[in-house]
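Observations on the model geometry
Residues per chain are reported as follows:
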Amino acid sequence: MANDTDLQLIQHARQHVDEGFYVNNLRDLVDLFREPSLVTRWPAAFFVLRTITLHIIYEWDKQPVASDDADKVRAQLQPLFRRVLDSLVVDADAAQIYAALDDVVLAWTKLSV
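Below you will find a few notes about this structure. (Residues numbered from 1 in each chain as written. Predicted model: local features only at pLDDT ≥ 70, side-chain atom pairs only at ≥ 80, totals over all residues. Heavy atoms only, no water.)

1. Thoughts on the packing of aromatic side chains
Quick reminder of the rule: Only the six-membered ring of Trp is used, alongside the rings of Phe and Tyr, when aromatic pairs are assigned; centres must lie within 6.5 Å, and planes under 30 degrees apart are stacked while those over 60 apart are edge-to-face, with the rest tilted. Helical segments are the DSSP runs of H or I of at least four residues, strand segments are the runs of E of at least two, and each set is numbered from the N terminus. In this scheme, a residue with accessible area under 20% of its type's maximum is buried, one over 50% is exposed, and one in between is partly exposed, where area comes from a 1.4 Å probe on protein chains only.
In the structure shown here, the tally under the stated rule is four aromatic pairs. Look at Phe21 and Phe81: their rings are 5.5 Å apart centre to centre, the planes differ by 65°, and that puts the pair in the edge-to-face class. Residue Phe21 is located in the loop between helix H1 (4-19) and helix H2 (23-33), and its partner Phe81 is located in helix H5 (residues 67-89); the two are separated by 60 residues in the primary sequence. Exposure class is identical for Phe21 and Phe81. Each is buried. Taking the centre distance of 6.4 Å and the plane angle of 50° together, the rings of Phe33 and Phe81 count as tilted.

2. Brief notes about unusual backbone geometry
Excluding glycine, a negative phi dihedral is what most residues carry, and trans is how most peptide bonds are arranged. Here Asp91, not a glycine, exhibits a phi torsion of approximately 55°, which is positive. For Asp91, the location among the structural elements is in the loop between H5 and helix H6 (94-110). The partly exposed category is assigned to Asp91, whose relative accessible area is 33%.

3. Some words on the environment of Thr53
Threshold: Note on contacts: a residue pair qualifies if any of its non-hydrogen atoms lie within 4.5 Å across the two residues.
Summarising the element assignment, Thr53 is placed in helix H4 (residues 43-62). Using a relative accessible area of 0% as the deciding quantity, one classes Thr53 as buried. Spatially, the C-alpha atoms of Thr53 and Leu77 are 9.9 Å apart, while their sequence positions differ by 24 residues. The residues contacting Thr53, other than those within four sequence positions of it, are Leu26, Leu29, Val30, Phe33 and Phe81.

4. Remarks on H4
Worth spelling out the cut-off: Working rule for helices: expected span equals 1.5 Å times residues minus one.
The end-to-end C-alpha distance of H4 is 28 Å, a good match for the 28 Å that 20 residues give at a rise of 1.5 Å each. Burial in H4 covers these residues: Ala45, Phe46, Val48, Leu49, Ile52, Thr53, Ile56, Ile57, Glu59 and Trp60. Buried residues in H4 make contact with H1, H2, helix H3 (36-41), H5 and H6.

5. Here we look at the pattern of salt bridges
Side chains that carry opposite charge are capable of pairing whenever their charged atoms lie near each other. Applied cut-off: What counts as a salt bridge is simple: a side-chain nitrogen of Lys or Arg found within 4 Å of a carboxyl oxygen of Asp or Glu.
The tally for this structure, following the rule as stated, stands at eight salt bridges. With its nearest N and O atoms 3.3 Å apart, the salt bridge here joins Asp91 to Arg41. Pair noted here: Asp91 is in the loop between H5 and H6 and Arg41 is in helix H3, with a separation of 50 residues, a long-range link. A salt bridge links Arg82 to Asp86, with the shortest nitrogen-to-oxygen separation between them at 3.2 Å. Here Arg82 and its partner Asp86 are both found in helix H5, four residues apart, which amounts to about one turn of the helix. Classification of Asp86 as partly exposed rests on a relative accessible area of 26%. Among the ionic contacts, a cluster of salt bridges with common partners joins Arg14, Asp18, Arg82 and Asp86.

Just distances and angles here, no functional claims.
See below:
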């Protein structure tokens, strides 16, 4: 089970995910996804979330993003990021966590950011 510190960090990440996918908020998420206690406990989950978030930031920093495109990315990824974080809070088994991660990766590969 996640300790209190991990639960607070995950709750903070969930709040950022709920706020939306805009660059400054995504940068804050990247910082949270690097927290040593989270990365040590769930390295694959936070590697995947961090890598996708960094890629979005990189692409959106290069050129202005149409609001429709940003909305599409948010609509596809926001609930899936939330699902991964929620699975960590309830201490789901590895199969459930990796299924949630697979869904994030599949959605990401279908998006053209």
